[in-house]
Amino acid sequence: MFFLVPYEPLTLGLKFNTRVRDLTARDVMVVVCRFCGQEYRIAPHQLHAKYREMTPLYTLEQSFKCKCCGTKGTMRWYLERAVSSEFPRSV
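Predicted model, so just to flag it, every value in this text is computed and none were measured.

> Residue-level account of the overall build of the chain, with values.
When its secondary structure is counted, the chain shows one helix and four strands. Counting helices and strands in the order they occur from the N terminus, the chain gives β-β-β-α-β. Going through the 91 residues of the chain one by one, you find that 35% of them count as buried. A separation threshold of at least 6 residues defines the contact pool for the chain, and within that pool the share at least 24 residues apart is 68%.

Okay, here's the thing in structure tokens:
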């Protein structure tokens, strides 16, 4: 479902200051394993269901575990936002 609409990289501010509440419905958190390169896409509703809204996103990277190689705490992440004619580009 993530590939139906094109996504572009998103910056919401400083990485350590971005929180779960800052994510909108058209955002996606992309998590990449540093060892094997496996990429996972996490929808914001999954983060809202598991974490409190004031939780900084940088603290979540310690809780992610790669399903491919099994390493924990070695993930890097970045945000993307859906862009289409329905959704104008972010300013």
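Read on, since the account is not over.
> Describe the pattern of salt bridges, listing the residues and the values that go with them.
Should the charged atoms of two oppositely charged side chains come close, the side chains can pair. Per the stated rule, a full pass over the model turns up four salt bridges. For the salt bridge of Asp22 with Arg21, the shortest nitrogen-to-oxygen distance reads 3.9 Å. Since its relative accessible area comes to 29%, Asp22 is described here as partly exposed. Note that Arg41 and Glu80 form a salt bridge whose closest N and O atoms lie 2.9 Å from each other.

> Pulling in residues and values, what's your account of the nonpolar core?
Soluble globular proteins tend to bury their nonpolar side chains together. Formed by 16 residues in total, the largest nonpolar core has its most connected members in Met29, Val31, Leu47, Leu57, Leu60, Phe64 and Leu79. With residues near it in sequence (within four places) discarded, Leu47 still touches Val20, Leu23, Met29, Ile42, Leu57 and Leu60.

> Which residues make up the layout of surface pockets, and what values do they have?
Put simply, the second largest pocket is a space of about 230 Å³. Ranked by residues supplied to the lining of the second largest pocket, first place goes to strand S3 (residues 39-42) with three residues. Per-class residue counts for the lining of the second largest pocket are five nonpolar, one polar and three charged.

> Give me the lowdown on the side chain of Asp27, citing residues and values where you can.
Tracing the sequence through the fold places Asp27 in strand S2 (residues 27-33). Among residues more than four places away in sequence, those in contact with Asp27 are Leu10, Asp22, Pro44, Glu80 and Arg81.

> How would you summarise the sheet that holds S2 if you had to cite specific residues and measurements?
Taken together, the four strands give an open sheet; going across it, the order is S1-S4-S2-S3, and neighbouring strands pair in antiparallel fashion. Here the strands that pair on one side only, and so sit at the sheet edges, are strand S1 (7-10) and S3. For this sheet, the mean inter-axis angle between neighbouring strands, taken without regard to orientation, is 35°. The pairing of S2 with S3 spans four bridges and is classified as antiparallel. Residue pairing across strands places Val32 opposite Glu39, the latter belonging to S3.

Cut-off values and rules
- Residues numbered from 1 in each chain as written.
- Predicted model: local features only at pLDDT ≥ 70, side-chain atom pairs only at ≥ 80, totals over all residues.
- Heavy atoms only, no water.
- Helix = DSSP H or I, 4+ residues; strand = E, 2+ residues; numbered from the N terminus.
- Buried < 20%, exposed > 50% of the residue type's maximum accessible area, 1.4 Å probe, protein only.
- Contact = heavy atoms within 4.5 Å.
- Salt bridge = Lys/Arg side-chain N within 4 Å of Asp/Glu carboxyl O.
- Core = buried A, V, L, I, M, F, W, Y, C linked by side-chain atoms within 4.5 Å.
- 1 Å grid on protein atoms, 1.4 Å probe; cavity = no way out; pocket = protein on both sides within 12 Å on 5 of 7 lines; lining within 4 Å.
- Points joined across faces, edges and corners; volume = space filled by probe spheres on them.
- Nonpolar A, V, L, I, M, F, W, Y, C, P; charged D, E, K, R; others polar.
- Pairing = 2+ DSSP bridges.
- Axes fitted to C-alpha atoms, helices over the stretch in contact; angles between N-to-C directions.

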